[in-house]
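Summary of the model geometry
Spelled out, the chains give:
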Amino acid sequence: MSTAMADTATDAAEQEPRTFESLNPATGDVVGVHAIDDEATVREAVRRARADAAWWDELGFDGRREILGKWRGVIARRMGELAAVVHDETGKPHADAQLEIGLTVDHLAWAAGHARKVLGPTKSFAGLLMANQSAVVEHRPLGVIGVIGPWNYPVFTPMGSIAYALAAGNCVVFKPSELTPGVGEWLAASLREVVPDRALLQVVTGLGETGAALCTAGVDKLAFTGSTETGKKVMAACAQTLTPVIVEAGGKDALLVDEDADVASAADAAAWGAFSNAGQTCIGVERVYVHERVYDSFVDALVARAQNVHPGGGPGAHYGPATLPKQLDLIRGHIDDALASGGRALVGGEGAVGDRFVQPTVLVDVPEDRPANTDETFGPTITVKKVASMDEAVRLANATRYGLGSTVFSKAHGTEIARRLRCGMTAVNDVISFAAIPSLPFGGVGDSGFGRIHGPDGLREFTYAKAIASRRMKPVMLLTTFDRTAKQDSTFAQLITVMHGRATTMQRPAAVVSRLRRSR
Ligand code: NDP
């Protein structure tokens with residue numbers, strides 16, 4: 001080939017839009033073809049968002065609430081249509097897709113309805129020294145928020161950022177997972193139906209590189225949900241431009257069963273928390289610690305439950321396939337390792353991992369230092385361990401690098417045990433309940449990430465605090481002037497001593513007093 005021909009071929013290849021396919025994980029069928037957006041396209045989306053951010057901000061809380069209310073109506077009315085897209089791209093049962101959409105709509109209503117109260121101007125007392133001032137704080141939108149979403153709850157999870165960011169007055173550029181791009185596009189298109197000519201929510205599609213491009217495209221904050229490892233890459237990329245990040249990176253959540261617990265309810269909750277959505281839930285139950293007095297009855301109830309839970313692609317299935325094909329090897333690895341290191345499978349176990357579907361697996365006697373107890377499995381597996389007390393249960397539950405959610409079943413001590421668990425959220429005598437309460441913040445500690453979505457904290461997360469101090473009258477004593485006199489300085493010193501001096505009077509410690517007495 002001549003050089004000219006080679007150049008033409010290269011040009012043609014460069015100009016050809018790059019695409020990728022979205023597949024149904026239950027069947028392998030292609031359900032959509034999407035663009036692989038490059039850096040320039042992502043930057044252009046951020047530029048468009050910035051151009052409309054001022055309009056959206058100036059619309060105010062009421063204007064935004066009206067538009068977000070209309071959007072909520074569109075999503076609610078066409079929930080079945082969106083659920084079908086979720087079902088096609090994730091394989092989860094239609095009813096489960098509907099459940100996450102319904103909860104999302106409720107969050108959207110809360111965020112839009114509470115934005116003014118949480119973010120609007122609030123007066124505070126300026127203090128005695130500055131009594132001539134009025135002090136006001138309000139929370140202003142950051143501008144453009146980048147959202148990188150996961151595939152496991154492709155509506156509920158990213159919308160935990162998108163809805164709150166929009167309600168706070170920001171525009172959003174959303175990069176859905178490469179497994180669920182159609183869901184992201186559906187969401188953006190549905191908001192465009194309400195506001196056709198403004199870039200309130202744009203979707204960029206592609207693989208990891210498109211997400212990486214979003215981190216450095218000039219957004220004012222980046223909200224990421226996914227693995228801890230990718231979360232670190234996102235932080236590193238964002239550090240280049242001092243772009244703040246929120247990281248929601250999964251967990252190894254524990255469920256604790258006390259001796260006074262309603263054992264049947266605890267077993268039901270453990271089964272749902274572990275197996276629903278094929279175990280692909282960041283706040284799913286992965287470990288259980290059960291008081292020795294109720295251990296046998298709990299295990300019997302959990303096994304009976306697990307034996308009646310079945311995955312599949314049909315209407316009767318309790319959950320669908322593993323959405324991320326590479327996850328199958330990881331789940332198999334955790335189960336095989338658990339069995340090889342002394343664990344026993346009471347349900348599932350060896351052979352539970354098929355080509356696409358994973359059978360529910362209940363493991364007991366797995367050493368605490370094995371991956372089934374230390375690493376996020378993200379599959380329908382659960383380990384159960386007998387403990388002598390709730391002290392031991394709390395110690396083991398906290399012995400993890402993660403700290404996202406947890407569950408406690410106890411009639412008398414639920415809240416007390418919950419407070420001792422080092423993690424962002426705890427459900428007492430229920431499972432995953434905190435995620436469905438819009439007024440509660442959602443997020444973790446440690447390797448589970450940082451920052452909060454949902455609730456007042458979730459609204460503030462997409463704003464900056466703006467302090468305004470306004471002089472209301474002449475001060476008795478003006479402190480910020482070069483005309484200040486020595487007399488004023490002395491009055492100021494006396495004032496501070498009167499106001500705060502007593503607070504710093506040291507009590508003689510008892511040990512010192514007794515030493516003084518002895519030395520007399
Ligand atoms: P990743 O963390 O790799 O991906 C999460 C999101 O980040 C996706 O949208 C992905 O895009 C994007 N991404 C990937 N690489 C980059 C990058 N360099 N810069 C910016 N964005 C990037 O998770 P996986 O989907 O591979 O899942 C792996 C594991 O992560 C799971 O097994 C599970 O343990 C955990 N996980 C936890 C979730 C949670 O809810 N906390 C959700 C999903 C996964 P793309 O999909 O196009 O690669």
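About the thresholds
Residues numbered from 1 in each chain as written. Predicted model: local features only at pLDDT ≥ 70, side-chain atom pairs only at ≥ 80, totals over all residues. Heavy atoms only, no water. Helix = DSSP H or I, 4+ residues; strand = E, 2+ residues; numbered from the N terminus. Buried < 20%, exposed > 50% of the residue type's maximum accessible area, 1.4 Å probe, protein only. Contact = heavy atoms within 4.5 Å. Areas by Shrake-Rupley, 256 points an atom, 1.4 Å probe, with all protein chains shown as cover. Lys, Arg positive; Asp, Glu negative; His and termini not counted. Charge placed at Lys NZ, Arg CZ, Asp CG, Glu CD. pLDDT = per-residue confidence, 0-100. Core = buried A, V, L, I, M, F, W, Y, C linked by side-chain atoms within 4.5 Å. Expected span 1.5 Å × (residues − 1). Near = heavy atom within 4 Å. Polar contact = N/O pair within 3.5 Å; in protein donor to acceptor, adjacent residues only side chain to side chain.

Here the focus is the overall build of the protein chain. In terms of regular secondary structure, the protein chain is built from 18 helices and 18 strands. Based on the C-alpha atoms only, the size of the protein chain along its principal axes is roughly 85 × 80 × 50 Å. Expressed as a percentage of its 520 residues, the buried residues of the protein chain come to 50%. Once local pairs closer than 6 in sequence are excluded, the contacts in the protein chain between residues at least 24 apart make up 71%. Here the protein chain has roughly 24,200 Å² of accessible surface; of this, 54% comes from carbon and sulfur atoms. Of note, the protein chain has its 53 positive side-chain charges centred 14 Å away from the centre of its 59 negative side-chain charges.

Caution is warranted with low-pLDDT regions, since their predicted coordinates should not be read in detail. Of the residues in the protein chain, 93% have a pLDDT of 70 or more, and the chain-wide mean is 94. The low-confidence segment residues 1–10, where pLDDT is below 50, has one contact with residues more than four positions distant or belonging to other chains.

Time to look at the nonpolar core. Of all hydrophobic cores here, the largest spans 68 residues; its most connected members are Trp71, Ile75 and Leu222. Per-element tally for this core: the top contributor is helix α5 (residues 94–119), with ten residues. For leucine 222, the contacting residues outside a window of four places in its chain are Gly146, Ile148, Leu214, Cys215, Val234, Cys238, Thr243, Pro244, Val245 and Ile246. Residues Ala274, Val303, Val364 and Phe442 belong to the second largest nonpolar core, which totals 43 residues.

Counted at 1.5 Å a residue, the expected span for helix α9 (residues 228–239) with its twelve residues is 16 Å, and the 16 Å between its end C-alpha atoms agrees. Those residues of α9 not exposed but buried are Thr228, Gly231, Val234, Ala237 and Cys238. Where α9 is buried, its residues meet β5 (144–148), α8 (208–215), β8 (221–225) and β9 (245–248).

Residues in close proximity to the ligand total 28 residues, the closest being Trp151, Glu178, Ser227, Gln327 and Glu376. The side chain of serine 177 places a nitrogen or oxygen atom 3.2 Å from an oxygen atom of the ligand. A distance of 3.5 Å separates a nitrogen atom of the ligand from a polar backbone atom of alanine 212. Its free accessible area being 870 Å², the ligand has 88% of it covered by the protein chains. Counting residues per element, the shell around the ligand draws most heavily on α8, which supplies three residues.

Okay, the environment of leucine 166 next. Along the chain, leucine 166 turns up in helix α6 (residues 156–167). Overall, the relative accessible area of 0% leaves leucine 166 in the buried class. In the structure, leucine 166 is positioned 113 residues away from alanine 53 in sequence and 9.9 Å away in space, judged by C-alpha atoms. Setting aside residues up to four positions removed in sequence, leucine 166 forms contacts with Trp56, Arg64, Leu68, Trp71, Cys171, Val172, Leu191 and Leu200.

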